Each structure stands twice: as C-alpha cells, then as structure tokens.
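Observations on the model geometry
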Amino acid sequence: NGIDEPRYPAPRLRASIVDALANFHEVFVIDELTSLFEIEEHTWIKHRIVRTLGIIGDLTIVDFLRNALLKTAYSDDFRWGLGNAIIEALWRLQDTEFVPTLLEIFLDMELHGHLATYLTIAIGDLADKDIAIQIVNLLSDEEIDWQLRWLLTEALDQVQSYDEISSQLSNLLTSRVD
C-alpha cells in the first residue's frame with residue numbers, strides 16, 4: 001500500500017499537482033493534501049504539500065501542522081527543508097499558541113544555519129510578553145553557547161516592544177556573560 005502503486009502519479013507529477021493547487025487557494029483540497037502527506041515517501045514533496053497548505057491558509061490545518069512538526073522535529077527530514085515549510089505555514093497562520101513548543105524544539109536541537117535563523121524570526125515575530133521574558137532569561141544563562149544567545153537576541157529583534165523586558169535587556173548589557 002505504498003505511494004508508488006500504479007494508482008498514484010509519478011513523484012514529479014504529484015509535486016506539480018501539489019504546486020498547482022497552491023494557486024487556487026481551495027479549502028476542499030486540504031483533506032487530500034493532508035492524506036497525501038501521511039503516505040508520501042519523498043521529503044521534497046512533503047515540503048511542497050506543507051507549503052501549499054500554508055498558502056491556502058485555512059485555520060483548520062493548524063493541528064495537522066503542529067502534529068507534523070512534532071513527528072518530524074528531530075528527523076533529518078526536518079533539517080532538510082520540511083522544518084522550514086512547517087514553520088512558515090504556522091507563521092503564516094499566526095499560530096501564537098505553539099510558540100513555546102517552537103522555542104523548546106529550537107533549544108533542544110541546537111540548530112544552526114538557515115533553519116535556526118528562520119525559526120528564530122518566527123519565534124520572535126509570534127512571541128507574546130511571556131515568551132519574550134523567557135528569551136531574556138535564557139540570554140543570561142551561562143550554559144547557553146554564544147551562537148544560541150545571538151539567535152535568541154535576533155528573536156527579540158522581532159518581538160513587539162514590551163516595557164517589562166527593556167530593563168532586563170539593559171541589565172544584560174552591563175553584566176558579563178561570556
């Protein structure tokens with residue numbers, strides 16, 4: 001019962017169909033796309049499915065995207081593009097409730113490079129005051145390496161201004177954290 005049975009089109013054709021569906025913004029294709037995602041073997045097609053779902057932008061896919069993120073977060077698929085697509089779709093949908101989980105995944109994975117930057121911007125953009133305070137507290141943690149601290153600072157760059165965190169940030173400037 002694999003995806004490569006004769007009743008399914010070849011991978012390139014599946015990918016092209018998924019890309020074309022993004023142009024129509026039709027909610028009725030969500031079930032088909034989420035079902036295809038579950039059985040699809042090719043990460044590059046899963047990436048396109050998630051991107052298309054994000055473009056369609058219907059809030060009914062938030063739970064699906066959250067589950068997809070949790071299932072793939074620590075896999076190679078996540079690092080090789082699927083993570084970006086899922087994060088972007090959740091970001092497009094302004095899923096602020098999932099930001100604590102995004103932050104936890106970010107800290108657990110010790111990500112670097114493009115995915116880390118992308119995740120940082122999404123966390124910062126969607127963060128509420130509590131997440132912003134948590135990020136400031138993490139910045140003063142001496143156990144966190146300088147690259148992660150730098151990325152967390154980048155997240156704060158995206159955060160809406162909160163008076164409560166400005167004094168904490170000022171204190172960090174005058175304290176020594178190597």
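Our subject in this report is the structure included herewith. Because the structure is predicted, anything quoted here is derived from the model rather than measured.

This part is about the packing of helix 3 (residues 43-56) against helix 5 (residues 76-92). The geometry of helix 3 relative to helix 5 is characterised by a closest axis approach of 8 Å and an angle of 5° between their N-to-C directions. Classified by the angle their axes make, helix 3 and helix 5 are roughly parallel. The segment helix 3 lies against helix 5, with Thr43, Lys46, His47, Val50, Arg51, Gly54 and Ile55 engaging Asp77, Trp80, Gly81, Leu82, Ala85, Ile86, Ala89 and Arg92. For the contact of helix 3 with helix 5, the per-class residue count stands at seven nonpolar, four polar and four charged.

Attention now moves to the packing of aromatic side chains. Counted under the stated rule, the structure contains one aromatic pair. Here the aromatic rings of Phe37 and Phe64 are separated by 5.2 Å at their centres, their planes lie at 85°, and the arrangement is edge-to-face. Taken together, the positions of Phe37 in helix 2 (residues 30-39) and Phe64 in helix 4 (residues 62-72) put the pair 27 residues apart, joining distant regions of the chain. Geometry around Phe37 places Lys46 over its ring, the cationic atom sitting 4.9 Å from the centre.

Turning next to the pattern of salt bridges. Enumeration according to the criterion identifies eight salt bridges in this entry. In this structure, Glu38 engages Lys71 in a salt bridge whose closest nitrogen and oxygen atoms are separated by 3.5 Å. Of this pair, Glu38 sits in helix 2 while Lys71 sits in helix 4, and the two are 33 residues apart along the sequence. Note that Arg92 is salt-bridged to Glu88, the shortest N-O span being 3.5 Å. Note that Arg92 and Glu88 are positioned in helix 5 at a spacing of four residues, about one turn of the helix. For Glu88, a relative accessible area of 27% gives the class partly exposed.

Thresholds, definitions, all that
Residues numbered from 1 in each chain as written. Predicted model: local features only at pLDDT ≥ 70, side-chain atom pairs only at ≥ 80, totals over all residues. Heavy atoms only, no water. Axes fitted to C-alpha atoms, helices over the stretch in contact; angles between N-to-C directions. Helix = DSSP H or I, 4+ residues; strand = E, 2+ residues; numbered from the N terminus. Parallel < 35°, antiparallel > 145°, perpendicular 65-115°, else oblique. Contact = heavy atoms within 4.5 Å. Nonpolar A, V, L, I, M, F, W, Y, C, P; charged D, E, K, R; others polar. Phe/Tyr/Trp six-rings, centres within 6.5 Å; stacked < 30°, edge-to-face > 60°. Lys NZ or Arg CZ within 6 Å of the ring centre and 35° of its normal. Salt bridge = Lys/Arg side-chain N within 4 Å of Asp/Glu carboxyl O. Buried < 20%, exposed > 50% of the residue type's maximum accessible area, 1.4 Å probe, protein only.

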